[in-house]
Amino acid sequence: MAKATTQFVCSECGYTSPKWLGRCPECGKFNTFAEEPLAPAPTKKTQSAFRLNSTRPTPLKEVQYEKFERISSGIRELDIVLGGGIVKGSLVLVGGDPGVGKSTLLTQVAAHLAREHKVLYLSAEESCSQVKLRCERLGVGGGDMLLLNETCLDNAEEAISEAEYVIIDSIQAVYTEALSSAAGSVGQVRECAARLMRIAKSRGITFFLVGHVTKEGTLAGPKVLEHIMDTVLYFEGERTENFKILRAVKNRFGSVQEVGVFEMSDKGVLGVSDYSSIFLSETRGEAAGAAVTPSETGNRCMMVEIQTLMTKTSYGLPRRMSLGIDLNRLIVLVAVLEKRCGMPLASQDIYLNAMGGIKLSEPSADLAVTAALASAERMIPIDRYTALFGEVGLTGEVRSVSFAEKRVNECLKMGFKRVILPAKNLKACEKFKDKIELIPVSYVSQMIKALFPSK
Ligand SMILES: Nc1ncnc2c1ncn2[C@@H]1O[C@H](COP(=O)(O)OP(=O)(O)OP(=O)(O)O)[C@@H](O)[C@H]1O
Ligand SMILES: [Mg+2]
């Protein structure tokens, strides 16, 4: 019988088994086994070599600075998110939903880099002619870019080691023969990424990896994939929306506070420098159910409109749907309005949308969500020059949020005349008092009174 070269390891507790198991007998977790190559047992020679090895620690004061060479990707917004350009010899993972524009973005980068460097585009998902067609459609040139249509990483290794910049599209589509499991499985993704990391660090080759995301919105494959990478970027945005946000979730060479705003066009993804009004509708202030909040996304403050729609529920259970804001957050805020402000919402279907396909993850949007819901319920539009921000607690109190000054400043810049903000944030924003009306509130009910005084 052929000797086994791989084993299956439980990713939760490390239990090993020669074959795949559905349930780990050690920790009892289901579906945690991933294939791994069997490490050769250390020989006597390597053991003694290890003992005699003269790798010695260095005192901190004697450590030499490594120079991080950065070059531009040709896309300003991407450079900002990367922390000032592409770092040579780094591994960058770009994750995102299907069709969001990962291949488009990286094709543009590859074509730009190919003008002066040796670039390999390893396309495991599309044929070379598809990539060429895309390059022509985008009009980016890139005639010197090398294309390879290969799914087996072992076969591509030679071509990879000859390039300076390599794009792998995608990490879930490539496999190594060292493991028998299918491409895209946890073991394969981890092994392929680890191999690329070794190449990157030993030869100074820069890698861009495309990664798919799961239904839950996290990168498909193990968490360890993110640990291996130097930089992990998420490309997000609704497929039907033109605007996309590129966000760093991990960056060893820069801040994760930056975001890049892109617009999808037939010429590819273009950076948007004037992003301040793209998340506002033109008819703002005319219909009930919309409120605007200054949202701190990355290092930028953007005015985002939140729209809600309420319809009488035709089934026993009212529907709640949310785009751009966590659904659980919406459900909590609806409950707060019902209980603390006496708003009858139990018989209403509620739909919520943050404009432009942006995802708002910070709690400062709470107050605007409750204002939009209150406006929809009362069928009274909110004045188009009023903005709100603040976190809402379960008791109906409005809590202070960070960057209050920056938010008010953005409202002022965008021509807003009134800001409803948490009372605790008022002090920090007092210097704007003469230029913009500041309405401090401590409870959601106060905010509703301020917005709809006649009721
Ligand atoms: N021939 C075309 N003409 C105009 N727009 C196109 C064309 N092909 C693709 N697009 C646009 O480009 C978008 C992004 O495509 P792209 O292939 O870059 O996405 P992706 O993130 O790589 O997707 P996948 O995960 O499927 O590889 C598409 O959603 C579509 O809107
Ligand atoms: Mg693609």
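Parameters at a glance
Residues numbered from 1 in each chain as written. Chains lettered and ligands numbered in written order. Predicted model: local features only at pLDDT ≥ 70, side-chain atom pairs only at ≥ 80, totals over all residues. Pairing = 2+ DSSP bridges. Helix = DSSP H or I, 4+ residues; strand = E, 2+ residues; numbered from the N terminus. Axes fitted to C-alpha atoms, helices over the stretch in contact; angles between N-to-C directions. Contact = placed C-beta atoms within 7 Å. Buried ≥ 20, exposed ≤ 12 C-beta atoms within 10 Å, placed from the backbone. Domains from an automatic or database assignment. Near = placed C-beta within 6 Å. Nonpolar A, V, L, I, M, F, W, Y, C, P; charged D, E, K, R; others polar.

Notes on the sheet that holds strand β12 (residues 243-251)
Line of reasoning, step 1. Pairing in this open sheet of nine strands is mixed, and the strands run β8-β7-β9-β10-β6-β11-β12-β13-β14 from one edge to the other. The outermost strands of the open sheet, each flanked by one partner alone, are β8 (146-148) and β14 (268-271). For this sheet, the mean inter-axis angle between neighbouring strands, taken without regard to orientation, is 25 degrees.
Line of reasoning, step 2. In terms of strand pairing, strand β9 (residues 165-169) meets strand β10 (residues 206-212) through four bridges, oriented parallel. In the strand pairing of β10, Val 166 is matched with Phe 207.
Line of reasoning, step 3. Contacts from helix α4 (residues 128-138) reach β7 (119-123), β8 and β14 within the one sheet, and its direction differs from that of β7 by about 120 degrees.

Quick word on the sheet that holds strand β1 (residues 6-10)
Line of reasoning, step 1. Here we have three strands laid out as an open sheet, ordered β2-β1-β3, and antiparallel in their pairing. If you trace the sheet from one side to the other, it starts and ends with β2 (16-17) and β3 (33-37), each paired once.
Line of reasoning, step 2. Bridging between β1 and β2 involves two bridges; their strand directions are antiparallel. Bridge assignment links Phe 8 to a residue of β2, and that residue is Ser 17.

Here's the deal with the pairing of strand β6 (residues 91-96)
Line of reasoning, step 1. Judged by how many residues are buried, β6 sits mostly within the fold: six of six residues are covered.
Line of reasoning, step 2. Of the two faces of β6, the one lined by Leu 91, Leu 93 and Gly 95 and the one lined by Val 92, Val 94 and Gly 96 are each fully buried.
Line of reasoning, step 3. By the bridge criterion, five bridges tie β6 to strand β11 (residues 231-236) in an arrangement that is parallel. Note on β11: the bridge partner recorded for Val 94 is Leu 233.

Points about the environment of Ala 428
Line of reasoning, step 1. Relative to the assigned elements, Ala 428 resides in the loop between β22 (418-422) and β23 (437-441).
Line of reasoning, step 2. Under the C-beta neighbour-count criterion, Ala 428 is labelled partly exposed, with 16 such atoms within 10 Å.
Line of reasoning, step 3. What Ala 428 contacts, discounting residues up to four positions off in sequence, is Ala 404 and Glu 405.

Here's the deal with unusual backbone geometry
Line of reasoning, step 1. Note that the residue after Asp 169, namely Ser 170, is joined by a cis bond; omega there is 0 degrees.
Line of reasoning, step 2. Structurally, Ser 170 is set in the loop between β9 and α6 (186-203).
Line of reasoning, step 3. Positive phi, close to 55 degrees, is recorded for Asn 31, a residue that is not glycine.
Line of reasoning, step 4. Structurally, Asn 31 is set in the loop between β2 and β3.

Notes on the domain arrangement of the protein chain
Line of reasoning, step 1. Examined at the domain level, the protein chain breaks down into domain 1 (1-41), domain 2 (70-271) and domain 3 (290-451).
Line of reasoning, step 2. The centre of domain 2, based on its C-alpha atoms, is set 37 Å off from the matching centre of domain 3.
Line of reasoning, step 3. Counting from both sides, the interface comprises ten residues of domain 2 and, opposite them, nine residues of domain 3.
Line of reasoning, step 4. At three residues, β12 tops the list of elements feeding residues into the side of domain 2 that touches domain 3.

Re the environment of Cys 429
Line of reasoning, step 1. Topologically, Cys 429 is positioned in the loop between β22 and β23.
Line of reasoning, step 2. Cys 429 sits in the buried class, given 21 other C-beta atoms within 10 Å.
Line of reasoning, step 3. Sequence separation between Cys 429 and Val 259 is 170 residues, and the spatial gap between their C-alpha atoms is 25 Å.
Line of reasoning, step 4. Setting aside chain neighbours within four positions, we find Cys 429 in contact with Ala 404, Glu 405, Val 408, Leu 421 and Leu 438.

What to know about the site of ligand 1
Line of reasoning, step 1. In the vicinity of ligand 1, the residues found are Gly 96, Pro 98, Gly 99, Val 100, Gly 101, Lys 102, Ser 103, Thr 104, Glu 125, Arg 137, Met 264 and Asp 266.
Line of reasoning, step 2. The leading source of residues in the shell around ligand 1 is helix α3 (residues 102-113), at three residues.
Line of reasoning, step 3. For the shell around ligand 1, the residue count by class is three nonpolar, five polar and four charged.

Concerning the pairing of strand β13 (residues 259-265)
Line of reasoning, step 1. Relative to β13, β12 runs antiparallel, the two sharing five bridges. Each residue of the ladder has a partner; that of Ile 245, found in β13, is Val 261.
Line of reasoning, step 2. Pairing between β13 and β14: four bridges, direction antiparallel. Along β14, the bridge assignment pairs Ser 265 with Gly 268.
Line of reasoning, step 3. Where β13 folds back onto β14 in an antiparallel hairpin, the turn is made up of two residues.

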